[in-house]
Amino acid sequence: MLFNIVHGLVSGLDGGTEEQNETDFFSFSPAQTLPQVILVLLASLCFAVQFGLNYGVSNQNTYFLQGMRLFDPGLFAKDWVITQAADPHPFFKYIVYFLFLLTPKGFSFIIANVVANFFGAFIIFRIIAQLSRDNALPIFLAVMAILCGTRTQSVAETYIFSWTFQPSSVGALGFLLSLFFFIRGSYFASGLAIGLGGLFHANYIILSLPLYFAAHIILGKTNLLRRATAQLLIPLITLLPFFPIMWEMATSPHANAAQAMLFNIRLPHNYVPAHFAFDFMPFVGWLLMGFAMGSLFLNRHPGRNVIVALCAPMIAIVGIGTLLTTFIYIPAVAQLMVWRLTPFIDLFMLIIVCICVFSDPLIASYSNKKVLLATTIAFVGAGLISRYYYYYAVLRIPAILFLLLLIWLYRLYIGRRQSLFGLNWRQFIMASAVIILLIGELTSMGDFKARSRLIKGYPPEFAELYQWCQKTPKDALFLIVPNMQDFRLQAKRSVVVDWKSGGLTPTDALEWYHRMVDVCGNAQFADEADAIAGYNAMDSSRFSSIIEKYGADYIIFPNKSIALTHIAQPTAFVNDSFVVLRVDHKH
C-alpha cells in the first residue's frame, strides 16, 4: 500500500494511464471469483513454504553478524570481519536486529523468508495479470508449477527466491516489484521500489540503472526525460551510501591482486563463467522457447512493447557481460555480477511461454513454414532445459514443460473451439493449469524435511560443540577448521578466519587471504579443500606463530586430525567429532 500512496502523490511524474493509476496493487479482476483468489494465495503460500524452514544456513552465517552485534554489543569484539572489514550490506543489519528482537533464537527469520517468498510469488501474479488479464490465473498456476522445480536458480548460482532470508531476499523483492510498476507505467514507484530494495543489496541498483535507461529509450521519445528522471532519481540517491566502497574497489592499488584471489580461489563459482558454463544450457533453452513461441503469439499482444523494453536490455547486459568475462576478460565487469539478471530473464521467458500456451493463437498471418520453424525451436529449447534437469534428476521440470508444449500444440493445430475430454475451452484451460500446478507442488515437497534446518536440526556433535562454546567468555577468540562456516552464528564467538566470510574491498580480501595462508600454511592453496588439509596438518611451529600473531584462546580440530599429535595444549572439550584445545598463553 505504501507504494500506491507515494505513487498517488507523485503520479504526475509517472506517465501511466489513468486506468493504471487507479489499479490497486492488491486488487483482483472483477471476473475472478473467491475460489480463484484463494487459489492464487494458496499457490503463493505453497511456493513460499516449499523452500524449507531454515535459519543459520549459508549466507546467513555472514550477513547476520553485524545485526547480532547490534543486538548484543558484547559479541565478536575480537573478530576482524565484524570490527574491521567493510560491510557490503550496511542497512541489512537493522532488519536482522529487529528480527532478533522478535525472536532471539531465529524463528522470525524463517517467517520473514516465507513472507518474502509469498509476496514475491504474488508480485509475479500481478505482473502476469498486467500482461494477460483474461487468463492470468491459469498462466500463474503454470508458472508456479515450473518455479517449484527450478526455484528460480540460474547462471552463477543466482536466484530470485532463496532458501534463507538474506540481503538478496529484500533486494530481489524490490527489483521484482520495480518490474511490476514499470510494466504498469508507474515509473516513480518503480524507481522507489528498486531504490528501497537496493539499499539492502546494491548490486540490484547498479544493474537497474542501464536496464531502465535503455528500457525507456526503447519505449520511445515521448516524455523520455520525464520518465527516465522519475525512474532513476531514487536509485541514484540510494546508491550514494555505497560510493566509498565502490570507489575503493575501483581505485585501490591492490585491486588486481584481490580480484585474482577472489576469482581464482575464493569465489570462482560467482565470477568465472568457465565454472558455471553448464548453467547456461537452461538459460539458452528459456530464451529459445520464449522467442519461438512469442514470435507467433505476442506480435499483437498489448504488452509486447513493455516486454521487449524490459527483456531486450536485460539480455543485452547479460550477453555483453558474459562476452567481457570470457573472450575478453575485464575483472571489473565480472564484479558487476551481470548474471544476477538471468533468473529474471528466465522468469519472463517462462511467463511468455505460459501466455502463449493459454492465450488465443494469433497465427493466421503466418505461413506453415514459420509455424513449423517456431515449433521446432520451442522443442529444442525445451530439450536443452530438460537435459539440464535430467542431469540433476529433477524430472518434474521436463514433465511439466512437455505437458505445456502438448497443450500448446493442441491449441495451435486443433483450435480453441474444439472440446477435449468433454470439457469446453475454459474448463480445459483451468483443469490443465491445476493439474500442472499439482505436479509441481506435490513433487517439490518430497524432500521438504531434508531442506528444513528447523525440522532436521543440527547434527548432534555440532550442536553439542556450539552449546559448549557459548559458555566460554564472550571475548574468546577461536581458531577453527576453515569450513566451519556456521561457527560464528551458532557459537556466537569470534574467529581468526573461515572460508565463508571474506572481505569485499581489496584491502579486506587480501586480509582474508593472508589470514588463510597463516592458518593453512600454504601460500599456494587453490581451494577450500587445500585450506582444510593444510589446517589439519598444522605443526607446533605454525601453531605458535598463529597464537603470537592473532592471540587465539581456543583451537578446534577434528578429533582425528594429525595436528593433535604435534600440539600440546590442555583439552577443553571433546566429543565424537571435535577436540577443542585451550591455549595456555603463559607458556
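Small disclaimer: the values here were computed from a predicted structure and weren't measured.

**Digging into the overall build of the chain**
Item 1. Looking only at helices and strands, the chain has 30 helices and 5 strands in total.
Item 2. Its C-alpha radius of gyration of 26 Å places the chain within 12% of the 25 Å reference for a compact globule of 587 residues.
Item 3. Reported as C-alpha extents along the three principal axes, the dimensions of the chain are approximately 90 × 50 × 50 Å.
Item 4. The long-range fraction of contacts in the chain, counting pairs at least 24 apart against all pairs at least 6 apart in sequence, stands at 73%.
Item 5. Summed over its atoms, the accessible surface of the chain is roughly 24,600 Å², and 64% of this surface lies on carbon and sulfur atoms.
Item 6. A distance of 9 Å separates the average location of the 39 positive side-chain charges in the chain from that of its 32 negative side-chain charges.

**Let's talk about the environment of Ile351**
Item 1. Counting through the fold element by element, Ile351 comes out in helix α20 (residues 342-358).
Item 2. Judged by relative accessible area, which is 2%, Ile351 ranks as buried.
Item 3. Residues Ile351 and Ile124 lie 227 residues apart in sequence; the distance between their C-alpha atoms is 9.1 Å.
Item 4. For Ile351, the residues in contact, after removing those within four places along its chain, are Ile127, Ile128, Leu131, Ile139 and Val143.

**Focus: the sheet that holds strand β2 (residues 494-495)**
Item 1. If you walk across this open sheet you meet the 5 strands as β2-β1-β3-β5-β4, and the pairing is mixed. Of all the strands in the sheet, the pair left with one neighbour each is β2 and β4 (571-574).
Item 2. Two elements, strand β1 (residues 477-479) and β2, share 2 bridges in a ladder whose sense is parallel. Looking across to β2, one finds that Leu477 is bridged to Ser494.

**Here we look at the pairing of strand β5 (residues 578-582)**
Item 1. Of all the 5 residues making up β5, 4 are buried; the element is thus mostly covered by neighbouring parts of the structure.
Item 2. Across 5 bridges, strand β3 (residues 554-558) lies against β5 in antiparallel orientation. Its bridge partner lying in β5, Phe557 is registered against Val579.
Item 3. Pairing of β4 with β5 involves 3 bridges; the strand directions are antiparallel. Residue Val574 lies in a different strand from β5, and its bridge partner there is Val579.
Item 4. The turn joining β4 and β5, which pair antiparallel and follow one another in sequence, is formed by 3 residues.

**Description of the side chain of Ser169**
Item 1. Looking at the element boundaries, Ser169 is found in helix α10 (residues 167-184).
Item 2. For Ser169, a relative accessible area of 7% puts it in the buried group.
Item 3. Reaching out from Ser169, the side chain makes a polar contact with the backbone oxygen of Thr164 at a distance of 3.3 Å.
Item 4. Residues in contact with Ser169, not counting those within four places in the same chain, are Asn113, Ser162 and Thr164.

**Some points on the packing of helix α28 (residues 506-520) against helix α30 (residues 540-550)**
Item 1. Where α28 meets α30, the closest approach of the two axes is 9 Å, and the angle between their N-to-C directions is 145°. Along its contact with α28, which presents His514, Arg515, Asp518, Val519 and Cys520, the element α30 presents Arg542, Ile546, Lys549 and Tyr550.
Item 2. For the contact of α28 with α30, the per-class residue count stands at 4 nonpolar, 1 polar and 4 charged.

**Some thoughts on the confidence of the model for the chain**
Item 1. Looking at the chain, pLDDT values average 87 and 91% of them are 70 or higher.
Item 2. The least confident element of the chain is helix α1 (residues 2-9), whose mean pLDDT is 37; the most confident is α10, at 97.
Item 3. Here residues 1-23 scores under 50 on pLDDT; set against residues more than four positions off or in separate chains, the count is 44 contacts.

Calculation rules
- Residues numbered from 1 in each chain as written.
- Predicted model: local features only at pLDDT ≥ 70, side-chain atom pairs only at ≥ 80, totals over all residues.
- Heavy atoms only, no water.
- Helix = DSSP H or I, 4+ residues; strand = E, 2+ residues; numbered from the N terminus.
- Rg over C-alpha atoms; globule rule 2.2 N^0.38 Å.
- Contact = heavy atoms within 4.5 Å.
- Areas by Shrake-Rupley, 256 points an atom, 1.4 Å probe, with all protein chains shown as cover.
- Lys, Arg positive; Asp, Glu negative; His and termini not counted.
- Charge placed at Lys NZ, Arg CZ, Asp CG, Glu CD.
- Buried < 20%, exposed > 50% of the residue type's maximum accessible area, 1.4 Å probe, protein only.
- Pairing = 2+ DSSP bridges.
- Polar contact = N/O pair within 3.5 Å; in protein donor to acceptor, adjacent residues only side chain to side chain.
- Axes fitted to C-alpha atoms, helices over the stretch in contact; angles between N-to-C directions.
- Nonpolar A, V, L, I, M, F, W, Y, C, P; charged D, E, K, R; others polar.
- pLDDT = per-residue confidence, 0-100.

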